[in-house]
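What follows is each chain in one-letter form.
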Amino acid sequence: MTAAITAAGEGATVTLLEGGERVGKKILSTGNGKCNLGNLQLSADAYRGADREWIADCLARFDSEDTVRFFRGMGLLVKERNGYLYPMAEQASAVLDVLRAELRVLGVETVTECKVNAVSREAGGGFTVSAGSKTFRFDRIILACGSKAAPKTGSDGSGYVLAKELGHAIVLVMPALVQLRCREPYLKEVAGVRAEAVIRELSCGIEERGELQLTDYGISGIPVFQMSRQINDLLRKRGAGSEAELTVNLLPDYSEEDFARLCAGRRLLQTDRTAEEFFTGILNKKLMLLFMKHAGIRRDMPIAQVESEKIDRVFGLCRDWRLHVTGSNSYDNAQVCAGGVDTAQVGRDMESLLVPGLFFAGEILDVDGRCGGYNLHWAWCSGHLAGRAAARQSDI
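Residues numbered from 1 in each chain as written. Predicted model: local features only at pLDDT ≥ 70, side-chain atom pairs only at ≥ 80, totals over all residues. Heavy atoms only, no water.

A. Highlighting the pairing of strand S18 (residues 336-341). Where burial is concerned, most of S18 is hidden: 6 out of the 6 residues are buried. Pairing of strand S11 (residues 170-176) with S18 involves 5 bridges; the strand directions are antiparallel. Residue pairing in the sheet places Val171 in a bridge with Gly340 of S18. (Buried < 20%, exposed > 50% of the residue type's maximum accessible area, 1.4 Å probe, protein only. Helix = DSSP H or I, 4+ residues; strand = E, 2+ residues; numbered from the N terminus. Pairing = 2+ DSSP bridges.)

Right, dumping it as structure tokens:
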């Protein structure tokens, strides 16, 4: 939509072919329905996949201020919260509504339920596009088909097939910003618990902090999403059946000295309390009962009768709880994908270096960002660059 709006704004005659029943369906699920459409802390360091210098060059030509101007120009008020950009209405539907309205005002022909299955370059220039029984001819085309993430919204990976048939290399695609699956069966006992935590992968040292969400199959939450791309890549390189070991610190605001004092002070309660009562008030009750179970402590046992080593074991689990990741959830649950069209074959204006007149935009490219509005910013940024360049090269 951004590519079409930008190209039409440059004066080009634009047709948008949409495989689904309506354009922009995926926007409605972003930002928990509020649409985190950008971030003021914009940096190439927030992205992975492609060459950082290539990404930095793109971001320099369409930054966060450009995102705000783009949407305000269509009538959408934008607000900032801790650097995150949202529509003032806090409704993702408002973002989609202004984009659809702009397409209509600019005269973009939108053809829905039009699934493209082939694109071919004509000998004399231009492209033939086939969509079932329909055939179209265009001077320039922009592939903005998304990835394989959240296929129910229309992202089925078909854009990769089209790009490959046109001669482009595809960097291995895998889920990113996705939940991780662990082999520990006892996680069912703490499913639904949320806790602030620092999570670190022990072999490569990647570390994230935020609200950890425990599930019956593994772990979720923003810090897990941020790590998931690298974890999936690590497991892929290690091969089938491999694992990644994580350490989880559930008391991240306590230094070693603070924690030592906490443990020492806690022992003053080691009188006539039960073990369950002794450990109450440190973390979520379900977690403490699980850690007691790991240490071999019965909840009704008098704490005065519990060996010091077992008490230390429970305390230790609060700051060094080991989990073993075996993989991630599927594309159905992923917010984005890693991998895609190799950007080494794409110019700074999103035009193919192999096929003149072919442009790319969005997640079909090997660019994926962290949580926090970075992936939607990449959609606006790459769409704008592609739409502008395609229109300026077209016969308009």
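Having put the structure on the table, let's press on.
B. Layout of the side chain of Asn39. Within the element layout of this structure, Asn39 appears in strand S2 (residues 38-39). For Asn39, a relative accessible area of 4% puts it in the buried group. At 2.8 Å, the side chain of Asn39 and the backbone nitrogen of Gln41 are in polar contact. Excluding its chain neighbours within four sequence positions, the residues that come into contact with Asn39 are Ser64, Gly83, Tyr84, Leu85, Gly372 and Tyr374. (Polar contact = N/O pair within 3.5 Å; in protein donor to acceptor, adjacent residues only side chain to side chain. Contact = heavy atoms within 4.5 Å.)

C. Representation of the nonpolar core. Counting 76 residues, the largest nonpolar core has Trp54, Phe71 and Leu365 as the members making the most contacts within it. Core analysis: the second largest hydrophobic core is formed by 48 residues, Ile219, Met227, Ile282 and Met292 among them. (Core = buried A, V, L, I, M, F, W, Y, C linked by side-chain atoms within 4.5 Å.)

D. Spotlight on the packing of helix H1 (residues 2-9) against helix H11 (residues 374-393). Closest axis-to-axis distance for the H1/H11 pair is 7 Å, and the angle between their directions is 35°. Crossing geometry of H1 relative to H11 is assigned as right-handed. Where H1 abuts H11, its residues Thr2, Ala3, Thr6 and Ala7 lie against Ala379, Trp380, Gly383, His384, Gly387, Arg388 and Ala391. A breakdown of the residues in the contact of H1 with H11 according to their chemical character gives 5 nonpolar, 5 polar and 1 charged. (Axes fitted to C-alpha atoms, helices over the stretch in contact; angles between N-to-C directions. Left-handed = near helix turned anticlockwise from the far one by under 90°. Nonpolar A, V, L, I, M, F, W, Y, C, P; charged D, E, K, R; others polar.)

E. Focus on the sheet that holds S2. One open sheet accounts for 3 strands, arranged S2-S5-S4; its pairing is antiparallel. Of all the strands in the sheet, the pair left with one neighbour each is S2 and strand S4 (78-81). Bridging between S4 and strand S5 (residues 84-87) involves 4 bridges; their strand directions are antiparallel. Residue pairing for S5: Arg81 is matched across the bridge by Tyr84.

F. Quick peek at the packing of aromatic side chains. As enumerated under the stated definition, the model contains 12 aromatic pairs in all. A ring pair is formed by Phe278 and Phe315, whose centres lie 6.4 Å apart and whose planes are at 55°; its orientation type is tilted. A residue pair is termed long-range when its members are at least 10 positions apart, and Phe278 in helix H8 (residues 275-279) and Phe315 in helix H10 (residues 308-319) qualify at 37 residues. Accessibility expressed as a relative area gives 0% for Phe278, which makes it buried. Overall, Phe315 belongs to the buried group, its relative accessible area being 2%. Through pairs of rings, three or more aromatic residues link up here, namely Tyr47, Trp54, Tyr374 and Trp378. Against the face of Tyr86 rests Arg81, its NZ or CZ located 5.0 Å from the ring centre. Over the aromatic face of Phe127 sits the side chain of Arg121, whose NZ or CZ is 4.9 Å from the ring centroid. (Phe/Tyr/Trp six-rings, centres within 6.5 Å; stacked < 30°, edge-to-face > 60°. Lys NZ or Arg CZ within 6 Å of the ring centre and 35° of its normal.)

G. Region of the structure containing the environment of Leu385. As for its placement among the helices and strands, Leu385 is situated in helix H11. Residue class for Leu385 comes out buried when judged on its relative accessible area of 0%. Sequence separation between Leu385 and Phe138 is 247 residues, and the spatial gap between their C-alpha atoms is 19 Å. Beyond its immediate sequence surroundings of up to four residues, Leu385 is in contact with Cys58, Arg61, Arg348, Asp349 and Met350.

H. The side chain of Asn329, seen in detail. Note on placement: Asn329 falls in the loop between strand S17 (321-328) and S18. Its relative accessible area of 7% is what places Asn329 among the buried residues. Within the local environment of Asn329, its side chain forms a polar contact with the side chain of Tyr217, the two groups lying 3.2 Å apart.

I. Quick peek at the packing of helix H2 (residues 52-60) against H11. Where H2 meets H11, the closest approach of the two axes is 10 Å, and the angle between their N-to-C directions is 80°. In this view, H2 runs roughly perpendicular relative to H11, as classed from their interaxial angle. Contact residues: H2 offers Trp54, Cys58 and Leu59, while H11 offers His377, Trp378, Cys381 and Leu385. Tallied by class, residues from the contact of H2 with H11 come to 6 nonpolar, 1 polar and no charged. (Parallel < 35°, antiparallel > 145°, perpendicular 65-115°, else oblique.)

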